[in-house]
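Chain and residue survey
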Amino acid sequence: MVGALSGNPRGTGDMEHGHVGHGHVDMVAASWRDYLEMCKPRVVALMLITALVGTFLAVPASLGLPPLPLVAAAMLGIALMAGSAAVLNHVADAHIDAHMGRTRERPMVRGLVPMPRAMLFSAALALAGMTLLTFAVNPITAWLNLVSWAGYGIIYTLYLKRLTPQNIVIGGLFGAAPPLFGWTAVTGTLALEPVLLVLIIFLWTPPHFWALALDRLDEYAKAGVPMLPVTHGEAHTRTQIVIYTVALTVCSLLPWALGMTGPLYAAAALLLGSMFLRHAWALYRQRPGAAMATFRFSIVYLGALFAALLVDHYAFGRV
């Protein structure tokens, strides 16, 4: 995810000799940037945005902001747990990553970080995250994060990703949970409102990842990963992307329909949803470059939708 990696040029070094992920590197030592990359900081940042919105929505606008020290502790704890799971993903997927252009420069693929050290790093992050969440936030948020950690780092990475073309759909539930984490961090209880936000991210995940999979179809096939376009073909995948995008657009209006938000959010959800549908339709019609354009817009979509939630919350005093 993060660039600025030092070490072997593309296509040389350990990869040429087959020492993928677990080899010994004589010339290049891992830097802090390599360890940071293994935490997938861009993915974690998007998760933290949705979790942060959850913390603010948990407090009625009339009461002002949630306790900022609590919010800071929650964000750090969530980031540590998510980073730990991401490191597990790097370790388990090293051999798959070696076959894919966007991942073959990752530290584990290049042998910069030995597997025992990577596992120790992941464990340290998880231990720090669980400790912080348990004692500085609350136990329910800590346990929910642990479930998500196990779901993504173990169930999805080791099993679902390799066993079924529905890997993204099922595994997406674990990655959709951050708004719930933010809510429970402030309230210590579960509620319908954050579950709606989880549902939105759950429906967003398949078109987001399948658009990328269409663009990287040959790489996923070479790596032996049963992504939907590999197992069911491109046409079926494009159809599924349209279906999920329609469902996402409808679901994104539920917070407004149930009185959780005001008209500003509803207008933003309709606008963003129509733009996402336009990208999905262009992809369905097989327009050149539509797959990556859809993938990139999906990231903008999620960030903008949750920003609209936050602005609407303070503009109209809902929740």
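For the structure given in this document, a descriptive report is provided here.

Procedures and definitions
- Residues numbered from 1 in each chain as written.
- Predicted model: local features only at pLDDT ≥ 70, side-chain atom pairs only at ≥ 80, totals over all residues.
- Heavy atoms only, no water.
- Salt bridge = Lys/Arg side-chain N within 4 Å of Asp/Glu carboxyl O.
- Helix = DSSP H or I, 4+ residues; strand = E, 2+ residues; numbered from the N terminus.
- Buried < 20%, exposed > 50% of the residue type's maximum accessible area, 1.4 Å probe, protein only.
- Core = buried A, V, L, I, M, F, W, Y, C linked by side-chain atoms within 4.5 Å.
- Axes fitted to C-alpha atoms, helices over the stretch in contact; angles between N-to-C directions.
- Left-handed = near helix turned anticlockwise from the far one by under 90°.
- Contact = heavy atoms within 4.5 Å.
- Nonpolar A, V, L, I, M, F, W, Y, C, P; charged D, E, K, R; others polar.
- Expected span 1.5 Å × (residues − 1).

A few points about the pattern of salt bridges
One pass over the structure, following the stated rule, counts six salt bridges. The shortest N-O distance in the salt bridge between R162 and D93 comes to 2.9 Å. In this pair, R162 is assigned in helix α6 (residues 139-163) and D93 in the loop between α3 (68-92) and α4 (94-97), connecting sequence segments 69 residues apart. Relative accessible area serves as the criterion here: at 0%, D93 is assigned to the buried category.

Points about the nonpolar core
Judged by nonpolar contacts, the single largest core of 56 residues is most densely connected at W204, W210 and Y301. It is helix α9 (residues 192-215) that contributes the most residues to this core, 12 residues altogether. Ranked by size, the runner-up nonpolar core spans 19 residues in total, among them A74, L133, A142 and W149.

Let's talk about the environment of E105
Position of E105 among the secondary structure elements: in the loop between α4 and α5 (115-137). Residue class for E105 comes out buried when judged on its relative accessible area of 18%. Spatially, the C-alpha atom of E105 lies 34 Å from that of L197, the residues being 92 residues apart in sequence.

Topic: the environment of V246
Tracing the sequence through the fold places V246 in helix α12 (residues 234-251). In sequence terms V246 and L228 are 18 residues apart; their C-alpha atoms lie 18 Å from each other.

Re the packing of helix α2 (residues 41-57) against α3
Where α2 meets α3, the closest approach of the two axes is 10 Å, and the angle between their N-to-C directions is 145°. Here α2 and α3 pass one another in a crossing that is right-handed. Between α2 and α3, the residues in contact are V44, M47, L48, A51, L52 and T55 and V71, M75, I78, A79, A82 and G83, respectively. Looking at the contact of α2 with α3 residue by residue, the classes come out as 10 nonpolar, two polar and no charged.

A look at unusual backbone geometry
In terms of backbone geometry, most residues other than glycine have negative phi values and most peptide bonds are trans. Here K40, not a glycine, exhibits a phi torsion of approximately 50°, which is positive. Mapping K40 onto the fold places it in the loop between α1 (32-38) and α2. The phi torsion at Q286 lies on the positive side, around 65°, for a residue other than glycine. In this fold, Q286 is placed in the loop between α14 (263-284) and α15 (290-316). On the basis of relative accessibility, which here comes to 54%, the residue Q286 falls in the exposed class.

Description of the side chain of D312
Along the chain, D312 falls in helix α15. Residue D312 is classed as buried on the basis of its relative accessible area, which comes to 1%.

Brief notes about α5
Here α5 contains 23 residues, and its C-alpha end-to-end distance of 32 Å stays within 8% of the 33 Å for a straight helix at 1.5 Å per residue. All of the buried residues along α5 are A118, S122, L125, A126, G129, M130, L133 and V137. Where α5 is buried, its residues touch α1, α3, α6 and α8 (178-187).

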